Amino acid sequence: MDIADKLIREHRLTKEEYAELIRAYEDENLAKRLADEAVRLRREIYGDAVYVRGLIEFTNICKNDCLYCGIRKSNPNAERYRLTKEEILDCCVQGYHLGYRTFVLQGGEDGYYTDERLADIVSAIKSKYPDCAVTLSVGERSFESYRLLKSAGADRYLLRHETANVQHYQRLHPPELTLENRMRCLRDLKQLGYQVGAGFMVGSPYQTAECLADDLLLLQEFQPEMAGIGPFIPHHDTEFANEPAGSVELTLFLLSIIRIMLPHVLLPATTALGTLNPVGRERGMLCGANVVMPNLSPVENRKKYELYDNKICTGEEAAECRGCLANRMKSVGFRLVTDRGDYCP
Ligand code: 5AD
Ligand code: FES
């Protein structure tokens, strides 16, 4: 297909070309060509290294009500928890010993974590582990808040845009959440000098090939340092409980496209991908991914951070997860490394 050639040559396409490429995702030869080019590029830039991020899910309390998410505020069945500063630091102690040099603090939009409290946690981690990166993933906040957290030492920020199409965004979120504010946040974060991660779910309800083409165009224009994409998976306590999950093959296809479009991007093979397919994360590596984000949260909390059903790795100790992933990456010719794994411009 000449569109694939064009993408490989120019690293960019128009919306119509992206949509056409996406509609052809079941063409196995095409998928293989894109995957091979994606892996060639990631090897050229990052070699065989796979970066690990220790994910600390520190609160599942959330003031928002995203229709797809298991920890939305209107789910009365979610058992809510918050980790204390000490519990978070304990996760880091364990993680550091296991070779993690990035800690990702992810949580719902929980008002308890004011700028002051969160900045205090970030600076405690950074002063104890100056050789580690801290990534925040705590949703939409003000410019001033992002600025304070940055000066407390946060290095990176993950905030998926979820969908780049306004109508689609509105069908997945309550009216008080807007794509406009989401994008304001992403621009603020970039302006403040964070390494920024955008991204989206694949196969969310009402998504079309045009929506996905908009998502790719958004990444092409915004040029994030990180891109988080994973399949949508229904959660039984949401109104999308009976919707089908996203396609593993389409997710892999999109990973390859994103690697070719943004050769230097930090691109995780997500837990959602590993949940839908037992070797989903390994296959992600073979389509251009170069990051994995195993869970460092205390085992007793893990099941409660349930964004979607059947999430994997909720019973494993941190050490088991790290070992398991090291073997899995090795099985496909890659190597987990002890490194901050910064964006390589
Ligand atoms: N399926 C897959 N991914 C989900 N997320 C939230 N709910 C689901 C779900 N049901 C993703 C969102 C969010 C990230 C933390 O998890 O994209 O940004
Ligand atoms: Fe967690 Fe395999 S990655 S147990």
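Attention here is on the structure that accompanies the text. This is a predicted model, so every value here is computed, not measured. (Residues numbered from 1 in each chain as written. Chains lettered and ligands numbered in written order. Predicted model: local features only at pLDDT ≥ 70, side-chain atom pairs only at ≥ 80, totals over all residues. Heavy atoms only, no water.)

## Looking at the packing of aromatic side chains
Under the definition given, this model contains 10 aromatic pairs. Relative to Tyr 51, the ring of Tyr 46 lies with its centre 5.8 Å away and its plane at 90°, an arrangement referred to as edge-to-face. For Tyr 51, a relative accessible area of 9% gives the class buried. Measuring from ring centre to ring centre gives 5.0 Å for Tyr 146 and Tyr 157, while their planes differ by 75°; the resulting arrangement is edge-to-face. (Phe/Tyr/Trp six-rings, centres within 6.5 Å; stacked < 30°, edge-to-face > 60°. Buried < 20%, exposed > 50% of the residue type's maximum accessible area, 1.4 Å probe, protein only.)

## What about the environment of Tyr 194?
Checked against the element boundaries, Tyr 194 lands in the loop between α8 (179–191) and β6 (195–202). When the C-alpha atoms of Tyr 194 and Tyr 146 are compared, they prove to be 9.2 Å apart, with 48 residues separating the residues in sequence. Contacts of Tyr 194, omitting those with residues within four sequence positions, involve Tyr 146, Leu 149, Lys 150, Ala 154, Asp 155, Arg 156, Tyr 157, Leu 189 and Glu 225. Polar contacts involving the side chain of Tyr 194 include one to the main-chain amide nitrogen of Lys 150, which spans 3.1 Å. (Helix = DSSP H or I, 4+ residues; strand = E, 2+ residues; numbered from the N terminus. Contact = heavy atoms within 4.5 Å. Polar contact = N/O pair within 3.5 Å; in protein donor to acceptor, adjacent residues only side chain to side chain.)

## Notes on the site of ligand 1
In the vicinity of ligand 1, the residues found are Tyr 68, Cys 69, Gln 106, Arg 160, Glu 162, Met 201, Pro 231, Phe 232, Ile 233, Leu 307 and Tyr 308. In the environment of ligand 1, an oxygen atom lies 2.9 Å from a nitrogen or oxygen atom belonging to the side chain of Arg 160. Between ligand 1 and the protein, one listed contact pairs an oxygen atom with a side-chain N or O atom of Glu 162 at 2.5 Å. Protein contacts shield 87% of the accessible area of ligand 1, which totals 410 Å² for the unbound molecule. Here the residues of the shell around ligand 1 are counted per class, giving 8 nonpolar, 1 polar and 2 charged. (Near = heavy atom within 4 Å. Areas by Shrake-Rupley, 256 points an atom, 1.4 Å probe, with all protein chains shown as cover. Nonpolar A, V, L, I, M, F, W, Y, C, P; charged D, E, K, R; others polar.)

## Structural notes on the nonpolar core
One finds Leu 21, Ile 125, Leu 254 and Ile 258 to be the most contacted residues of the largest nonpolar core, which totals 106 residues. The biggest single contributor to this core is helix α10 (residues 248–261), with 10 residues. Listed in part, the 11 residues of the second largest apolar core include Ala 49, Val 104, Leu 158 and Met 293. (Core = buried A, V, L, I, M, F, W, Y, C linked by side-chain atoms within 4.5 Å.)

## Digging into the sheet that holds strand β1 (residues 49–52)
Read across the sheet, 3 strands follow the order β8-β1-β9 without closing on themselves; strand pairing throughout is parallel. At either end of the open sheet lies a strand with only one pairing partner, and these are β8 (291–292) and β9 (335–337). By the bridge criterion, 2 bridges tie β1 to β8 in an arrangement that is parallel. Note on β8: the bridge partner recorded for Tyr 51 is Val 291. In this fold helix α14 (residues 318–331) packs onto β1, β8 and β9, with an angle of close to 135° to the strand it touches most, β9. (Pairing = 2+ DSSP bridges. Axes fitted to C-alpha atoms, helices over the stretch in contact; angles between N-to-C directions.)

## Re the side chain of Ser 256
Within the fold, Ser 256 resides in helix α10. When near neighbours in sequence (up to four residues on either side) are disregarded, Ser 256 contacts Leu 34, Ala 35, Ala 38 and Cys 287.

## Some thoughts on unusual backbone geometry
Glycine aside, residues mostly have negative phi, and peptide bonds are mostly found in the trans state. Phi at His 11 takes a positive value of approximately 60°, unusual for a residue other than glycine. Inspection of the secondary structure puts His 11 in the loop between α1 (2–10) and α2 (15–23). For His 11, a relative accessible area of 27% gives the class partly exposed. The phi torsion at Tyr 206 lies on the positive side, around 70°, for a residue other than glycine. Position of Tyr 206 relative to the elements: it lies in the loop between β6 and α9 (209–222). With relative accessibility at 42%, the residue Tyr 206 sits in the partly exposed group.

## Quick notes on the environment of Val 104
Relative to the helices and strands, Val 104 resides in strand β3 (residues 102–107). On the basis of relative accessibility, which here comes to 1%, the residue Val 104 falls in the buried class. The sequence separation of Val 104 and Met 261 amounts to 157 residues, and the corresponding C-alpha distance is 25 Å. When near neighbours in sequence (up to four residues on either side) are disregarded, Val 104 contacts Arg 53, Gly 54, Leu 55, Ile 56, Thr 135, Ser 137, Leu 158 and Met 293.

Bear in mind that shape data such as this cannot, by itself, settle questions of function.
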